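Examination of the molecular architecture
Letter by letter, the chains look like this.
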Amino acid sequence: MTVKEGFIEVIGGKVWYQIHNIDSKNTPVIVLHGGPGSSHYSMQGLDILAEDRPVIFYDQLGCGKSERPTDTSLWNIDRFVEELGQIREGLSLDEFHILGHSWGTTLAAAYYLSTPVGVKSIVFSSPCLSAPLWAEDQDRNRKLLPLEVQETLKSCEENGTTESEEYKEATSIFNKHFVCRLDPYPEFLKEGRHYRNSEVYNIMWGPSEFHVTGNLKSFDCTSQLQDIHVPTMYTCGRFDEATPESTKYFSTLTPNAKFHVFEKSAHMPYVEEQDEYVKVNSSFFNEVDLEN
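A brief look at the structure comes next. Small disclaimer: the values here were computed from a predicted structure and weren't measured. (Residues numbered from 1 in each chain as written. Predicted model: local features only at pLDDT ≥ 70, side-chain atom pairs only at ≥ 80, totals over all residues. Heavy atoms only, no water.)

1. Some thoughts on the overall build of the protein chain
A count of helices and strands for the protein chain gives ten helices and eight strands. Computed over the C-alpha atoms, the radius of gyration of the protein chain is 18 Å, within 12% of the 19 Å expected from 2.2 N^0.38 for a compact globule of 292 residues. Projected onto its principal axes, the C-alpha positions of the protein chain cover 55 × 40 × 40 Å. Each of the 292 residues in the protein chain was classed as buried or not, and the buried ones make up 57%. (Helix = DSSP H or I, 4+ residues; strand = E, 2+ residues; numbered from the N terminus. Rg over C-alpha atoms; globule rule 2.2 N^0.38 Å. Buried < 20%, exposed > 50% of the residue type's maximum accessible area, 1.4 Å probe, protein only.)

2. Comments concerning the sheet that holds strand 7 (residues 232-237)
Working definition: the strands of a sheet are paired by backbone hydrogen bonds and lie parallel or antiparallel to each other. Sheet architecture is open: eight strands sit in the order 1-2-4-3-5-6-7-8, paired in mixed fashion. Edge strands, defined here as strands with exactly one partner in the open sheet, are strand 1 (3-10) and strand 8 (258-262). Averaged over neighbouring strand pairs, the angle between their axes works out to 20 degrees when direction is ignored. As paired elements, strand 3 (residues 29-32) and strand 5 (residues 96-101) share four bridges and run parallel to each other. Note that in strand 5 the partner of Ile-30 across the bridge is Ile-98. Contacting strand 1, strand 2 (13-20), strand 3, strand 4 (55-58) and strand 5, helix 1 (residues 77-90) crosses the sheet at an angle of about 130 degrees to strand 1. (Pairing = 2+ DSSP bridges. Axes fitted to C-alpha atoms, helices over the stretch in contact; angles between N-to-C directions. Contact = heavy atoms within 4.5 Å.)

3. Topic: unusual backbone geometry
Residue Pro-36 is reached from Gly-35 by a cis peptide bond, and omega for that bond is -5 degrees. Summarising the element assignment, Pro-36 is placed in the loop between strand 3 and strand 4. Cis geometry marks the peptide bond from Asp-183 to Pro-184; its omega dihedral reads 5 degrees. Despite not being glycine, Ser-92 has its phi angle at roughly 55 degrees, a positive value. Here Asn-256, not a glycine, exhibits a phi torsion of approximately 60 degrees, which is positive.

Below, the structure written as structure tokens:
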């Protein structure tokens, strides 16, 4: 299967991309990774989707294999939306599916609601479409943790000691419940940590998963989900940070949207239940292509 990679010039620098099965005539899917400031690294297993169509990965500017400029004014959603448009132009994509995960769903929604032309379908995987609602969900999730863990998180936040080992350990327990439930934690995920850029994350989201203090703090596109008029699939894990309740709620706001829960997963079903994740999404894309 043919693989091509390279760089595309975008506002602020050069972005790395990789295309699998570039010779396929089927509609490509572009994968928008989570973060902000993460990379495609943890999602690389989705190259399996290339059995049916071209699969396009890219590392958003500032992380992964892309350039890391020091201009902090670049780290805002409007520029990332422009970046996606520049990637579309650079790869000459007339029509494409979008698979966005976590922050990638924020980007997918913002892109479609500003530039819907060419988008054939969207998968909102573990969606973050309302930062305020996300924060509320994490408050509820934290109350499901052991009481001592809850108290550690709260006291460290109140005392400004969120860089302490105590806080990191409490956060890791949260992650085992709501981010990735695989035990042992996959080694390849540990190896990819150097691809992250915490500065981008801190500026756009904040220092912790729980409280949104960055420039995405007020992001909420729920009132516009009714304006999505392409086939749409909402998915999440049963134990996801992006809770099944909120994910289903988003799906009810979008005309004729589908909704699927991965029963054994938290926030990383593309790793935790890879076969099922690929099956569900492949079926969705194939169905859309047959109907159009």
